[in-house]
Amino acid sequence: MKITKPTLIVDEKKAAENIGKMMEKISLSGNVRFRPHFKTHQSTRIGKLFRDAGITAITVSSVSMAAFFAGNGWNDITIAVLVNPLEIGAMNELLARKINLNLLVDSTEMVNFLEERLEYPVHLWIKIDTGYHRTGIEWNRENEILRVAEAINDASKLQLSGILTHSGHSYHAVSTAHIKTVYGETVSRMNAVRNFLEPRMKGSGEVEVSIGDTPTCSMVDRFDGAAEVRPGNFVYYDVMQLMLGVCLEENIAAAAVCPVIARYPQRNELVIYGGAVHLSKEFVTNRDGNKVFGLIALPDPTFSSWGRSIENTFVAALSQEHGIIKTTADFLKKVKVGDLLAVLPVHSCLTANLLGERG
Ligand code: PLP
């Protein structure tokens, strides 16, 4: 592999280990389906790691991503954003391939729209807001949720699978104990909704509970109270998860390899060709109050892995295509223009989306 510009590399051994660990917890949890989110990697190669581990159901975040993975042999797919009515044509094209498609709704209007405009049957999940306040019906508005469930039941093409939530507020937790609390609260709120709905659905089957974000799914040992879990980021992890205390540095399985294009010994700075368009503008704040846009490590010669992150060395600022690395005199002495450095990303889903080559 010859690298000449910002390029995503993946340590597949670590990714497979991350998948294996999550699978093990799922198998200990009894009857829980693992439906990993594929937006993190968007890669057929990493998809194969999941397939080899026995996964058959996946989550994606757009109709086009669903079409990409349907073309790669995945036929049980949840598009985990609320339905975009403007893409009804693309959804019908996808359904024409006879895949098992799961869509998200949070209003009777959307249920009615889908019943009228879809050409094939689909499974629907009602999106519930358990505290993130992004989308979904608030978990305690039970009658509103029931009205949507009844509208689905009355429709001929639509099948209610259950209720689905994403506790993205786990990313704002102040401790790992807090992350576990978010899990407990999510599951108890979702089961309160399920217990309200099920007896009122006149025997039309089980109302499943689908949850899943990397912080909570990494911190708990079992997935009690859920029928399905959908974490995605855990396959690569990243510096944000490291700062949250959710993973160790050695679990991070993706890095952006970037060429050094300038060195400034007078201010202990290196500049890489690798900026916001490659890494994303996400940052974390380190113990000294500095913004960190990525940690720095040395890639292996084969680019299949990298070493430990270099002490006191991090991407401190980004412009569109430049990254400014603050480092030590000692490390700076060892680096020359034209060398390649591995940037451990702050948010691997965004970096993989920007740099990953589909396929
Ligand atoms: N489910 C939904 C609806 C999401 O939006 C996301 C991520 O944004 C996930 C699952 C996966 O969560 P994570 O990225 O924390 O693994």
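Residues numbered from 1 in each chain as written. Predicted model: local features only at pLDDT ≥ 70, side-chain atom pairs only at ≥ 80, totals over all residues. Heavy atoms only, no water.

Caption draft 1: Molecular detail of the overall build of the protein. Scanning the protein from terminus to terminus reveals 12 helices and 18 strands. On C-alpha atoms alone, the protein measures out to a radius of gyration of 22 Å, which is about the 21 Å that the 2.2 N^0.38 rule sets for 359 residues. Overall, the C-alpha framework of the protein stretches about 75 × 40 × 35 Å when taken along its three principal axes. Counting only residues that meet the buried cut, the protein has 55% of its 359 residues in that class. Restricting to contacts in the protein with at least 6 residues of sequence separation, those with at least 24 account for 66%. (Helix = DSSP H or I, 4+ residues; strand = E, 2+ residues; numbered from the N terminus. Rg over C-alpha atoms; globule rule 2.2 N^0.38 Å. Buried < 20%, exposed > 50% of the residue type's maximum accessible area, 1.4 Å probe, protein only. Contact = heavy atoms within 4.5 Å.)

Caption draft 2: Up close: the packing of aromatic side chains. Taken as a whole and assessed by the stated rule, the structure comprises nine aromatic pairs. Aromatic side chains Phe38 and Phe50 sit 5.1 Å apart centroid to centroid with 40° between the ring planes, which places their arrangement in the tilted category. Taken together, the positions of Phe38 in the loop between β2 (33-34) and α2 (44-52) and Phe50 in helix α2 put the pair 12 residues apart, joining distant regions of the chain. Assigned by exposure class, Phe38 and Phe50 land together as buried. A network of ring pairs unites the aromatic residues Phe34, Phe38, Phe50, Phe68, Phe69, Trp74 and Phe234 as a single cluster. Sitting over the ring of Phe196, Arg200 keeps its end group 3.8 Å from the ring centre. (Phe/Tyr/Trp six-rings, centres within 6.5 Å; stacked < 30°, edge-to-face > 60°. Lys NZ or Arg CZ within 6 Å of the ring centre and 35° of its normal.)

Caption draft 3: Focus on α2. Turning to α2, its buried residues number three or more, namely Ile46, Gly47, Leu49 and Phe50. Along the axis of α2, the buried positions cluster into a sector of 150°, meaning they face one direction only. When the buried face of α2 is taken as reference, the exposed residues oriented beyond 90 degrees from it are Arg45 and Asp52. If you follow the buried residues of α2, they end up packed against β1 (7-10), α1 (12-28) and β2. Capping the start of α2 is the job of one residue whose side-chain oxygen sits 3.2 Å from the backbone nitrogen of Arg45: Ser43. Just downstream of α2, Gly54 is the residue with a positive phi angle, here 105°. (Arc of directions from axis to C-beta. Polar contact = N/O pair within 3.5 Å; in protein donor to acceptor, adjacent residues only side chain to side chain.)

Caption draft 4: Just the nonpolar core, in detail. Core analysis: the largest hydrophobic core is formed by 115 residues, its most contacted members being Phe50, Ile77, Leu103, Leu114, Ile126 and Leu197. The leading source of residues in this core is helix α7 (residues 176-200), at seven residues. Those residues in contact with Phe50 that sit more than four places away from it in its chain are Ile19, Phe34, Pro36, Phe38, His41, Ile55, Trp74, Phe234 and Val235. (Core = buried A, V, L, I, M, F, W, Y, C linked by side-chain atoms within 4.5 Å.)

Caption draft 5: Quick peek at the packing of α1 against α2. Contact geometry of α1 with α2 gives a least axis separation of 10 Å together with a crossing angle of 40°. On the basis of their axis angle, the class for α1 and α2 is oblique. Along this stretch, α1 crosses α2, giving a crossing that reads as right-handed. Mapping the contact onto sequence places Glu12, Ala15, Ala16 and Ile19 in α1 and Arg45, Ile46, Leu49 and Phe50 in α2. Class assignment for the residues of the contact of α1 with α2 results in six nonpolar, no polar and two charged. (Axes fitted to C-alpha atoms, helices over the stretch in contact; angles between N-to-C directions. Parallel < 35°, antiparallel > 145°, perpendicular 65-115°, else oblique. Left-handed = near helix turned anticlockwise from the far one by under 90°. Nonpolar A, V, L, I, M, F, W, Y, C, P; charged D, E, K, R; others polar.)

Caption draft 6: Geometry of the state of the cysteines. Per the stated rule, a full pass over the model turns up zero disulfides. Of all cysteine sulfurs in the structure, the one in Cys247 sits closest to Cys349, which takes part in no disulfide; the separation is 12 Å. (Disulfide = S-S within 2.5 Å.)

Caption draft 7: Here's a closer look at the site of the ligand. Around the ligand sit 14 residues in total, of which Lys39, Tyr171, Thr214, Gly232 and Asn233 are the nearest. A distance of 2.9 Å separates a nitrogen atom of the ligand from a polar atom in the side chain of Arg230. In isolation the ligand has 390 Å² of accessible area, and contact with the protein removes 94% of it. Tallied by class, residues from the shell around the ligand come to four nonpolar, six polar and four charged. (Near = heavy atom within 4 Å. Areas by Shrake-Rupley, 256 points an atom, 1.4 Å probe, with all protein chains shown as cover.)

Caption draft 8: Here's a closer look at the packing of helix α3 (residues 63-70) against helix α4 (residues 88-95). Axis separation between α3 and α4 bottoms out at 10 Å; the angle between their running directions is 15°. Relative to α4, the element α3 is oriented roughly parallel. Crossing of α3 against α4: the hand is left-handed. Touching Val63, Ala66, Ala67 and Ala70 of α3 are Ala90, Met91 and Leu94, all from α4. In terms of residue class, the contact of α3 with α4 is built from seven nonpolar, no polar and no charged.

Caption draft 9: Spatial organisation of the pattern of salt bridges. A full pass over the atoms with the stated rule returns 17 salt bridges. Linking Arg308 and Glu249 is a salt bridge whose minimum nitrogen-to-oxygen distance equals 3.8 Å. One end of the pair, Arg308, is in the loop between β15 (294-297) and β16 (314-318); the other, Glu249, is in the loop between α9 (239-244) and β11 (254-264), and 59 residues separate them in sequence. Classification of Arg308 as exposed rests on a relative accessible area of 56%. On the basis of relative accessible area, Glu249 is assigned to the buried category, the value being 13%. Linked by salt bridges that have partners in common, Arg33, Arg35, Asp76, Glu208 and Glu228 make up one network. (Salt bridge = Lys/Arg side-chain N within 4 Å of Asp/Glu carboxyl O.)

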